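Listed below, chain by chain, are the residues.
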Amino acid sequence: QVQLVESGGDLVQPGGSLRLSCAASGFTFSSYAMRWYRQAPGKEREFVAYISSAGGNTNYADLVKGRFTISRDNAKNTMSLQMNSLKPEDTAVYLCNAVALLDGNLRNFWGQGTQVTVSS
């Protein structure tokens, strides 16, 4: 059974930091590129960060570049998002996503999300 389970969301003050984690199971994690997305109330889901399957390549949305860092540990089947200098506009449900093209088939998995609230 494929599972992506996010954790680490919390209420934090502006300027604070949080570290989100995504634990994967039920598939070959090291074969999948991973992404973080977020969705705020009343808004569309938006891309936050990307990391390649081996971890050598990363990419970030302009809104978070320089503040967020994505990483992964393929030995532990986990991905993380270190978020610094948080702003109220970072408030959203953060979701992890796994994608791979295997044997000509696109595999695309989503977690349920973890709530991040940035407020004083």
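In the block above lies the structure referred to throughout.
Residues numbered from 1 in each chain as written. Predicted model: local features only at pLDDT ≥ 70, side-chain atom pairs only at ≥ 80, totals over all residues. Heavy atoms only, no water.

### Concerning the packing of aromatic side chains
To describe a pair of aromatic rings, you give the distance between the ring centres and the angle between the ring planes.
Step number 1: This model, assessed by the stated rule, comprises six aromatic pairs.
Step number 2: Aromatic side chains F27 and F109 sit 5.2 Å apart centroid to centroid with 55° between the ring planes, which places their arrangement in the tilted category. In this pair, F27 is assigned in the loop between β3 (18–25) and β4 (33–39) and F109 in strand β10 (residues 105–110), connecting sequence segments 82 residues apart. For the pair shown, F27 and F109 are each scored as buried.
Step number 3: Judged by centre distance (6.0 Å) and plane angle (75°), the ring pair of Y37 and F47 falls under edge-to-face. In this pair, Y37 is assigned in strand β4 and F47 in strand β5 (residues 46–51), connecting sequence segments ten residues apart.
Step number 4: Three or more aromatic residues link up through ring pairs in this structure, and these residues are F27, F29, Y32 and F109.
Step number 5: Directly above the ring of W110 sits R45, whose terminal nitrogen or CZ lies 4.5 Å from the centroid. (Phe/Tyr/Trp six-rings, centres within 6.5 Å; stacked < 30°, edge-to-face > 60°. Helix = DSSP H or I, 4+ residues; strand = E, 2+ residues; numbered from the N terminus. Buried < 20%, exposed > 50% of the residue type's maximum accessible area, 1.4 Å probe, protein only. Lys NZ or Arg CZ within 6 Å of the ring centre and 35° of its normal.)

### Looking at the pairing of β5
Step number 1: In the sheet, β4 pairs with β5 via five bridges, with the strands oriented antiparallel. Each residue of the ladder has a partner; that of M34, found in β5, is I51.
Step number 2: Where β4 hands over to β5, the hairpin turn is made up of six residues, of which G42 adopts a positive phi near 80°.
Step number 3: Across three bridges, the pairing between β5 and strand β6 (residues 58–60) is antiparallel. By the bridge assignment, A49 is partnered in β6 with Y60. (Pairing = 2+ DSSP bridges.)

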